[in-house]
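Results of the structural survey
Chain by chain, the residues run as shown.
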Amino acid sequence: GSDLVAKWTTIQGALALCQRTDRCRSIVFDANTRRPDGTYYVFLKSIVEIVFLPGATWRSYINEERPKFINEVAVAGPLTQVENVDQTFRFDLHQASPHLFPEGSADVIT
């Protein structure tokens, strides 16, 4: 099947293992399997197909491959002024280029 590894681990541990495991494309786990030590029973998968069901407690993380650049990249997008701060702007890198930058990536320009 599509299961490469199944084991008790933390989410961060599973993500790191997925990065090091050939053919690992995603991790999935049932949020209800959480132990007091913060581990879940996690499956490393060779597929990324996900089915959404209302009320399901299963969670998925996809191991996205991001392009590798030698030195730099150019992106364009809108600047938004930081509230109550003169001449300070926020540039949302993820919004400008979601395939390059994870959610929450931003640059502040003064």
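Notes on the structure in this doc start here. This structure is a prediction, so every number in the text was calculated from the model and none was measured. (Residues numbered from 1 in each chain as written. Predicted model: local features only at pLDDT ≥ 70, side-chain atom pairs only at ≥ 80, totals over all residues. Heavy atoms only, no water.)

**What to know about unusual backbone geometry**
Even without glycine at this site, R23 takes up a positive phi of about 70°. You can see R23 is positioned in the loop between α1 (11–20) and β2 (26–30). One non-glycine residue, Q87, lies in the positive phi region at around 50°. Positionally, Q87 belongs in the loop between β5 (79–81) and β6 (89–92). (Helix = DSSP H or I, 4+ residues; strand = E, 2+ residues; numbered from the N terminus.)

**Let's talk about the sheet that holds strand β7 (residues 106–109)**
Hydrogen bonds along the backbone pair up the strands of a sheet, which may run parallel or antiparallel. Read across the sheet, three strands follow the order β5-β6-β7 without closing on themselves; strand pairing throughout is antiparallel. Among the strands making up the open sheet, the edge pair consists of β5 and β7. Sheet twist, expressed as the mean angle between neighbouring strand axes with direction ignored, is 30°. Relative to β7, β6 is paired through four bridges, and the arrangement is antiparallel. The residue bridging D92 from the neighbouring strand is A106, located in β7. (Pairing = 2+ DSSP bridges. Axes fitted to C-alpha atoms, helices over the stretch in contact; angles between N-to-C directions.)

**Here's the deal with the pairing of strand β3 (residues 40–45)**
With five of its six residues buried, β3 lies for the most part within the structure. Taken together, the six bridges between strand β1 (residues 3–9) and β3 define a ladder with antiparallel strand orientation. Paired with V5 across the bridge in β3 is L44. In terms of strand pairing, β2 meets β3 through four bridges, oriented antiparallel. Looking at the pairing, V28 lines up with F43 of β3. (Buried < 20%, exposed > 50% of the residue type's maximum accessible area, 1.4 Å probe, protein only.)

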